[in-house]
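Secondary and tertiary structure notes
So the chains spell out like this:
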Amino acid sequence: MSENIISRILKPGVRGKIWRTFIVIIIITFGLSMIDGSSYYDKSADYLEGKFGISLPRVEPIPFKLGLDLQGGTHLVYKADMSLIDDGDAGAALEGVRDVIERRVNVFGVSEPVVQTNISGGEHRIIVELAGITDVNEAIQQIGETPLLEFKEEETEIRELTEEEKVQIEAENAVAKEKAEEALSKIKDGSDFIEISKEYSTDENIKIAGGNLDYVTNLDDQRTVSLVENLEVGAYTEELIDAPSAYEIYKLEDKKEKTNPFDENDVEKEVKASHLLLCHNEVAGCEDGLSKDEAYTKIKEIKETATPSNFVSLVKEYTTEPGGADREGTLGWFSKGMMVTPFEDTVFPQEVGTISFVVETQFGYHLIYKEDERTTFEYKVSVVKINKTTELDIIGPQAEWRNTELTGKNLERATVSFNPSDNSPEVSLEFDSEGTDLFADITERNIGKPVAIFLDAYPISIPTVNERIPSGRAVISGSFNVVDAKLLAQRLNAGALPVPIELISQQTVGPSLGKISLMESLKAGLAGLILVAIFMILYYRLSGVLAVFSLTIYGILVLAIFKLWPVTLTLSGMAGFILSIGMAVDANVLIFERLKEELRRGNPYNLALDEAFKKAWPSIRDGNVSTLITCFILIQFSTSVVKGFAITLGLGVTMSMLTAVVVTKNFSKILDTEFFGKRPWLFGGRQLTNKK
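Now for a look at the structure at hand. Worth saying up front: this structure is predicted, and the values here are computed from it rather than measured. (Residues numbered from 1 in each chain as written. Predicted model: local features only at pLDDT ≥ 70, side-chain atom pairs only at ≥ 80, totals over all residues. Heavy atoms only, no water.)

A word on the overall build of the protein chain
As a reminder of what qualifies: Numbering of helices and strands runs from the N terminus, with a helix taken as a DSSP run of H or I at least four residues long and a strand as a DSSP run of E at least two residues long. Every radius of gyration here is taken over C-alpha atoms, with the globule rule written as 2.2 Å times N^0.38, N being the number of residues. Residue burial is assigned from relative accessible area. The probe radius is 1.4 Å, only protein chains are included, and a residue is buried under 20% of its type maximum, exposed over 50%, and partly exposed in between. The contact definition used throughout considers only heavy atoms, calling two residues in contact when any of these lie within 4.5 Å. We get accessible surface area from the Shrake-Rupley algorithm with a probe of 1.4 Å; when it comes to residues, only the shown protein chains can shield them.
Along its length, the protein chain carries 22 helices and 23 strands. In terms of overall dimensions, the protein chain is more spread out than a globule: its C-alpha atoms have a radius of gyration of 37 Å, far above the 26 Å expected for 692 residues. When the backbone C-alpha atoms are referred to their principal axes, the protein chain occupies close to 125 × 75 × 60 Å. Counting the 692 residues in the protein chain, one finds 41% classified as buried. For the protein chain, the proportion of contacts with a sequence separation of at least 24, taken over those separated by at least 6, is 70%. For the protein chain, the accessible surface area stands at approximately 38,400 Å², while carbon and sulfur atoms represent 54% of it.

Here it is as structure tokens:
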């Protein structure tokens, strides 16, 4: 019996193959639907776990990648003036400017900005798309600035305070101390601490907050907690706190146990522990040389001999943690959320004074010695803070680099070259006559020292000078590959070549408008799908029902591809997707019309079905292939807006052919039974009559 079942699974008959394909389609559809609705699935899993204790695996949510017109943002088009650039340098110069703009755009923190170059009508253009940008004018101002290339040398002079400045600091700090003592005196006389903080604090943030630092824990601010933890609630520090940058007075307003924000009965704990770590060759950066099995065997052997009294010596002898032996494996105090999950799950329930079992994390295998445990307290603290005058206030931060007179205007060009001795990539620099003299002086002053090259105030290269270079030709060598060398040359040229850019087009879409557009598009797509489904069911009856199922799978498949690829969805892209739904229906219409014709000729269902697919396929193929050719042309030769339409339409058409010839055909073959064979009217054929 069992042999028959296995044989039927491995070598199914015709009907078995149909059902096997059906099951595969359902499994794939289920998997893709979890990608499409991952957030809903995870919420359902969370509910089941919280309500019934049923734990299900979670799915990493993959959001749709929305274009500028759907999530809001700014679309800027710049024209690059290449009139002063040789034709042979135009491409590199434009790429250099693009790189500069891209790095400037990154400062805005925009998610996935788009910076593209384009040649249109003989004009060199740079297209910038900034999704979610709030200050468009600032973005335009920063993007449009001419790149600034500077050569800097190390700042070796350390600024010292003059005698006058030292006297000034002492005098000002004496006044600050006198003011702080006056504040403390008023507090001791019963004045309100908050009002005193508002009146005397010179730190603006503290003055505005009325001295309130809110609740802090030992892990948040160890120094502040150490100053107030022994005070009674309502008490303040009786002596003035002489900190390096201020005179301070602290008051403990409240003290309480810290609890889980989702469960007031769950008091949080802090743990003090040390650990012994053995990494293995599957851990990135591990140089121990042990395989994973060897590391596990070794740490099991260490565990058998480990006791609290010899744990430190075992750590010094065996741990592979960088610096772990010097620190004797100690981790200090930590709370939940500060360690990786397997580590925390072990150490928090562990008994104090014990050594854990072997714990595996992404860093290797651990043995954990739990030294102590304490309740986490929160301290509500107020402060009066009178700032001192410090050396930094007078001198300011010491600059690491000092400007020279050599700038991008003196750099003729930067090119990628190759070292003749080992053929390694280098970057060659050529200066004009003025730059030649300046560079010779700089290199003479800095032999054996670094000289930094800054572009827009960011260092892009810090080579070391080997010798004085009087020729105006220099080479930056190092561990470059060709890509790195090309990028550096582009950046140098971006600051050297005169390529002004002019804003010629600006389009801004507000986030609310983008959201409205998205919702309206989704409503249009859903309404279209429902109307098509109703039409198909009414006109083609049972075949229409099959088409609706097939279209549903088609939709799930295409949306999953949009997420996984990912495809940037714009309004035009949504239009392409919705249009492809119509074309997917069109394929089903062709098939079911042929099926009706064959059934009305009196052919049995199985033969009619085969003939229907055979006769409909050339029309489906030719129609869709001509559409795909059009999409290919649009993708190759059109702008980004039209490209989005062509990509989604092309994907949709391709998937529609797949679902038509695989899914719809499989579903139709499942209905190839005696019951449905006697009822062709369910598929649009005539009712069979008994012939006399």
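The discussion continues.
Regarding the sheet that holds strand E7 (residues 241-242)
Under the convention used in this document: The pairing criterion for strands is at least two bridges between them, as found by DSSP. Between the N-to-C directions of two axes lies an angle of 0 to 180 degrees, each axis being a line fitted to C-alpha atoms and, for a helix, fitted only over the stretch in contact.
Taken together, four strands build an open sheet; the order of strands is E6-E15-E8-E7 and the sheet is antiparallel. Only two strands of the sheet have a single neighbouring strand rather than two, namely strand E6 (212-216) and E7. Direction of pairing for strand E8 (residues 246-257) relative to strand E15 (residues 377-387): antiparallel, over a ladder of 11 bridges. Considered in E15, the bridge of Glu248 is made with Lys385. Packed on one face of the sheet, helix H7 (residues 163-188) meets E8 and E15 and runs near 40° to E8. The sheet strands contacting helix H8 (residues 193-200) are E8 and E15, and the helix crosses E15 at an angle near 40°.

As for the environment of Ile591
Relative to the helices and strands, Ile591 resides in helix H19 (residues 571-600). Considered as a pair, Ile591 and Asp46 are 545 residues apart in the sequence and their alpha carbons are 44 Å apart. In contact with Ile591, other than residues within four places in its own chain, are Ala612, Phe613, Ala616, Ile620 and Ala660.

Regarding unusual backbone geometry
Unusually for a residue other than glycine, Glu328 sits at a positive phi of about 55°. Among the secondary structure elements, Glu328 is positioned in the loop between helix H12 (311-318) and strand E12 (330-335). Judged by relative accessible area, which is 35%, Glu328 ranks as partly exposed. Unlike most non-glycine residues, Asn423 shows phi in positive territory, near 65°. For Asn423, the position within the fold is in the loop between strand E17 (411-418) and strand E18 (425-431).

Considerations on the pattern of salt bridges
Opposite charge on two side chains permits them to pair, given that their charged atoms come into close proximity. The condition is simple: By definition here, a salt bridge exists when the distance from a side-chain nitrogen of Lys or Arg to a carboxyl oxygen of Asp or Glu is within 4 Å.
Going through the model one piece at a time under the given rule, you end up with 25 salt bridges. Across the pair Glu270 and Arg374 runs a salt bridge, and its minimum N-O distance is 2.7 Å. Residue Glu270 is located in strand E11 (residues 269-278), and its partner Arg374 is located in strand E14 (residues 364-375); the two are separated by 104 residues in the primary sequence. Assessed through its relative accessible area of 26%, Arg374 is described here as partly exposed. Across the salt bridge formed by Asp610 and Lys669, the nearest N and O atoms sit 3.2 Å from each other. One end of the pair, Asp610, is in helix H20 (residues 605-637); the other, Lys669, is in helix H21 (residues 640-670), and 59 residues separate them in sequence. Taking the relative accessible area as the measure of exposure, Asp610 reaches 35% and is therefore partly exposed. Here Lys669 falls in the partly exposed class, since its relative accessible area comes to 24%. Salt bridges sharing common partners tie together Glu153, Glu155, Arg402 and Arg445.

Some thoughts on the pairing of E15
Of all 11 residues in E15, eight are buried, a share of seventy percent or more. In terms of strand pairing, E6 meets E15 through four bridges, oriented antiparallel. Following the sheet pairing, Tyr215 is matched in E15 by Lys380.

What to know about H7
Cut-off, in case you're wondering: Working rule for helices: expected span equals 1.5 Å times residues minus one.
The end-to-end C-alpha distance of H7 is 37 Å, a good match for the 38 Å that 26 residues give at a rise of 1.5 Å each. Restricting attention to buried positions, one finds in H7 the residues Glu165, Ile169, Asn173, Ala176, Ala180, Ala183, Leu184 and Ile187. On its buried face, H7 is in contact with H8, E8, E15 and helix H14 (391-395). Positive backbone phi, approximately 105°, marks Gly190, located one or two places after H7.

Considering the state of the cysteines
Counted only if it meets this: The criterion for a disulfide is a pair of cysteine sulfur atoms lying within 2.5 Å.
As enumerated under the stated definition, the model contains one disulfide in all. Disulfide partner of Cys279: Cys286, at an S-S distance of 2.0 Å. Because the torsion about its S-S bond is 70°, the bridge between Cys279 and Cys286 counts as right-handed. Take Cys279: its relative accessible area is 7%, and that puts it in the buried class. The buried category is assigned to Cys286, whose relative accessible area is 17%.

Side note on the packing of H7 against H8
This is how the line gets drawn: Each angle gets one of four labels, with under 35 degrees taken as roughly parallel, over 145 as roughly antiparallel, 65 to 115 as roughly perpendicular, and the rest as oblique. Each crossing is labelled by how the near helix is turned from the far one, with a counterclockwise turn of less than a right angle marking it left-handed and a clockwise turn marking it right-handed.
As a packed pair, H7 and H8 sit with axes 10 Å apart at the nearest point and diverge in direction by 165°. With respect to their mutual orientation, H7 and H8 come out roughly antiparallel. Our pair here, H7 against H8, has a crossing hand that is right-handed. Judged by residue contacts, Lys179, Glu182, Ala183, Lys186 and Ile187 of H7 engage Phe193, Ile196, Glu199 and Tyr200 from H8.

Some thoughts on the sheet that holds E14
Sheet architecture is open: four strands sit in the order E12-E11-E14-E13, paired in antiparallel fashion. Both edges of this open sheet fall to E12 and strand E13 (359-361), since each of them pairs with a single strand only. Neighbour to neighbour, the strand axes of the sheet diverge by 45° on average, direction disregarded. Strand contacts of helix H11 (residues 292-305): E11, E13 and E14, with the helix running at about 45° to E14, the strand carrying the most contacts.

Notes on the pairing of strand E2 (residues 73-80)
One face of the sheet, then the other: side chains in a regular strand alternate in exactly this way. Within E2, seven of the eight residues are buried, which leaves it mostly tucked inside the rest of the structure. Two elements, E2 and strand E4 (residues 123-131), share eight bridges in a ladder whose sense is antiparallel. Pairing of Leu76 across the sheet is with Val128, part of E4.

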